[in-house]
Amino acid sequence: MVDLVKIIFNPMDKVVEVERGTILLDAIREAGINIRSICGGDGDCGTCKVILNKGEVSDVSTKYTDWLSPQEISEGYHLACQIRMLSDGEFTIPVESRIANPKILLSTEMTIDTLDPESKKYLVTLLPAQSSEHRTIRLHDYSGPSPKFSDDIYNKLLLMKEPITATLSRGNTPPEIIDVESGDRTRSNYGLAIDVGTTTIAVLLIDLTNGKILGKASALNKQITYGETLITRIAFSRKAENGLRKLQQAVVQTINDLVNRLTSSAGIKNEEITSVSAGGNTVMNHLLAGVDVDYLWFVDANDKVPRSPVIKKAKELGLHTNPEAHVYCLPNVSRFLGGDAIGDVVASGMYDSDEISLFVDMGTNGEIIFGNKDWLVSCSVASGPAFEGAGVRFGMRAMRGAIEHVKINPESLEAEYTVIGNEPPRGICGSGLIDAVAEMFHVGVLDFRGKIVAGRTRLVREGRDGLEYVIAPAEKTAIGRDIVITQRDMDYFMDSKGAALGGIMVLMKKFNFSIYDVKNLYLAGAFGAYTDLRNATKLGIFPEFPNAKIHPTGNGSLSGAYATLLSMKKRDHANAISQIMLYVDLLADVMFAETYSESIYIPGPKELFPSYNP
């Protein structure tokens, strides 16, 4: 008989029963609670803090001593991934460990000039049979290749009286009739455009007959409790029992919850959704499609990543749509440059232009793409997490309670800030961190090497990670502790900034063009929408481009999914882009070590920053 223990989680008042000896983080996942776990439960990030109110636990290791202060330990703090439950228990999940709803960017959708969706509905006429042959199926106003269809579809047709509507899918070759309905249902055809993000998932419900967006919805990706980074999810898939299946079910459940919400609001049936297009990075594409990600763990995986799109039936994935609907996943290029980046290029229009453009997406992973209609070259850098607030002591996603913009008074050297939700802060997100670092440099609290300067103000003090600067004092925060930027945070930030600029420099040097040759700078996602771009340039995250127009592109992955849902031409573009794009693996490129070392100070090489290096 299984020995169970009961655990209560506050303040969400959730109760779960698990087997005695269960790791607490697994119990939290079982309860469906979103808790921070950047490392996925290995005890290497210190983000899954909980407070033990009642019960008996045992430590898995002593890793908690690296992350919890003596005061926190005396107050009953533990890391959820580092304790096992020995009895019934009650825990509080403190505010800094909770994952609230993030500030999600749902724009921008593209305008499609000529609608040509993958799935269309046609009225059907059954022509008399010749001798013993099947009766011929004629689709009104259709002039493409002869479609295939199953025996079930054919037999169903024979029992129907006209008018009859057939749904034709062109997701694969040859086209396929995937459904038939009684009556004229040609105006009732719907599709989904999905951004399968590492942190959040966004879904658009589209009327395929006119391209109209009927609804938008977004939510945290339920995979997040298995790890906040791509590497931790690959690791979970590799080491956990049924890890791949759990991750695939988590992302599909997130999508299904959103789809059910959208169809209910729009007053349509899920079965009327006959086409799906999804954009996501390489790992997320694999996990959605249930494709093994083990090989992506290894650094030599780039050449093994297929560049053709994954296309599967909805019933194979478990999506709550028409079970025969084809799900098109925008194609990948390399280990860390996937369908979301391809969608970005499609949405930006740089593939249709003669001008040299630079596309930058500093999300969870940083993607850099140069090119035009004749050529495209790309690389990816491990810089995004810092620019999203991850990896720093008080860093957090852009959600309620996050400091999003900072100014430092040049006389008092005190920080003034704005907080998402206009409430006491509990951390700082990426845009706030970039502002804070730029302001610290501007007022002399930070030097050009990214080192915090002692003695300038009482707000700079010695901490457990070296010098630290107080952004918000404890009495003004939601967590009852000072929110600070530490020297360790700055070292991580400078490493990320150096990687981003160094990656851009590698591509510029290889293709022998200068900052004056770039005519368009496309900035995707929250980085492009919310970051003060002057501060990003002052710090040297990317160079000055004096002749470039700056285009914030919003959610390019979602826009790319939208475009490839409604236009087979755009889908062909996406497939072609993935085939022609050259990928430079910075891990194996000797030039990157040189450009990185040139980029590790503020702002960077003089030739890239003429305004800041007079």
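Details of the structure are given in the entry above.
Attention here is on the structure that accompanies the text. Because the structure is predicted, anything quoted here is derived from the model rather than measured.

### Examining the overall build of the chain
No. 1: From N to C terminus, the chain includes 16 helices and 29 strands.
No. 2: Against the compact-globule benchmark of 25 Å for 614 residues, the chain has a radius of gyration of 26 Å, which places it among compact chains.
No. 3: Across its three principal directions, the C-alpha atoms of the chain cover 95 × 70 × 45 Å.
No. 4: Counting over 614 residues, the chain shows a buried share of 58%.
No. 5: The long-range fraction of contacts in the chain, counting pairs at least 24 apart against all pairs at least 6 apart in sequence, stands at 67%.
No. 6: Looking at the chain as shown, the accessible area adds up to about 24900 Å², and 49% of this sits on carbon and sulfur atoms.
No. 7: Computing the positive centroid from 63 side-chain charges and the negative centroid from 76, the chain places the two 2 Å apart.

### Structural notes on the packing of helix α5 (residues 243-266) against helix α6 (residues 282-289)
No. 1: α6 packs onto α5 with a crossing angle of 90 degrees between their chain directions and a minimal axis gap of 8 Å. With respect to each other, α5 and α6 are oriented roughly perpendicular. Note on element contacts: α6 touches α5 through Met284, Leu287 and Leu288, opposite Leu244, Leu247, Gln248, Val251, Val252 and Ile255.
No. 2: Class assignment of the residues belonging to the contact of α5 with α6 gives a composition of eight nonpolar, one polar and no charged.

### Section: the packing of aromatic side chains
No. 1: If you walk through the whole model with that rule in mind, you get 10 aromatic pairs.
No. 2: Aromatic rings pair up to connect Phe370, Trp375, Phe511 and Phe513 into one cluster.

### Quick look at the pairing of strand β25 (residues 466-472)
In the case of a regular strand, side chains alternate between the two sheet surfaces.
No. 1: In terms of residue burial, β25 counts as a mostly covered element, since six of its seven residues are buried.
No. 2: Pairing of strand β24 (residues 460-463) with β25, which is carried by four bridges, proceeds in the antiparallel orientation. Bridge pairing links Gly463 to Gly466 in β25.
No. 3: Between β24 and the antiparallel strand that follows it, β25, lie two residues.
No. 4: Direction of pairing for β25 relative to strand β26 (residues 483-486): antiparallel, over a ladder of four bridges. Bridge pairing in β26 links Ala472 to Ile483.

### Focus on the sheet that holds strand β28 (residues 549-554)
The strands that make up a sheet pair up through hydrogen bonds in the backbone, lying either parallel or antiparallel.
No. 1: One open sheet accounts for six strands, arranged β28-β27-β18-β19-β20-β29; its pairing is mixed. Either end of the sheet is taken by a strand with one partner, and the two such strands are β28 and β29 (582-583).
No. 2: Sheet topology places strand β27 (residues 520-524) next to β28; five bridges connect them, and they run parallel. Along β28, the bridge assignment pairs Ala524 with Gly554.
No. 3: Strand contacts of helix α8 (residues 339-348): β18 (357-362), β19 (366-371), β20 (376-381) and β27, with the helix running at about 40 degrees to β19, the strand carrying the most contacts.

Cut-offs and rules
- Each chain has its residues counted from 1, following the order in which its sequence is written.
- Per-residue local features of the predicted model are confined to residues with pLDDT of at least 70, and side-chain atom pairs are confined, for both listing and counting, to 80 or more; whole-chain, interface and lining totals are unaffected and use all residues.
- The basis for the side-chain values is all heavy atoms of the structure; hydrogens and waters are excluded.
- Numbering goes from the N terminus for both helices and strands, where a helix is a DSSP run of H or I of at least four residues and a strand is a run of E of at least two.
- Just to be clear, the radius of gyration here is over C-alpha atoms, and the globule rule we use is 2.2 Å times residues to the power 0.38.
- Classification of residues uses two cut-offs on accessible area relative to the type maximum, computed with a 1.4 Å probe and protein chains only: under 20% is buried, over 50% is exposed, and between them is partly exposed.
- Between two residues, a contact is recorded if the distance between any of their heavy atoms is within 4.5 Å.
- Per-residue accessibility takes into account occlusion by the displayed protein chains alone, with areas from the Shrake-Rupley method and a 1.4 Å probe.
- In this count, Lys and Arg are taken as positive residues and Asp and Glu as negative ones, while His and the chain termini are left out.
- Taken as the charge centre is NZ of Lys, CZ of Arg, CG of Asp or CD of Glu, depending on the residue.
- In this analysis an axis means a line fitted to C-alpha atoms, helices contributing only their contacting stretch, and an angle means the value between N-to-C directions, from 0 to 180 degrees.
- Note that the term roughly parallel is reserved for angles under 35 degrees, roughly antiparallel for angles over 145, roughly perpendicular for angles of 65 to 115, and oblique for everything else.
- Each residue is assigned to one of three groups, with Ala, Val, Leu, Ile, Met, Phe, Trp, Tyr, Cys and Pro labelled nonpolar, Asp, Glu, Lys and Arg labelled charged, and all others, Gly among them, labelled polar.
- Working definition: a ring pair exists when centres of Phe, Tyr or Trp rings (six-membered ring for Trp) sit within 6.5 Å. Plane angles under 30 degrees give stacked, over 60 give edge-to-face, the rest tilted.
- Strands qualify as paired when DSSP identifies two bridges or more between them.

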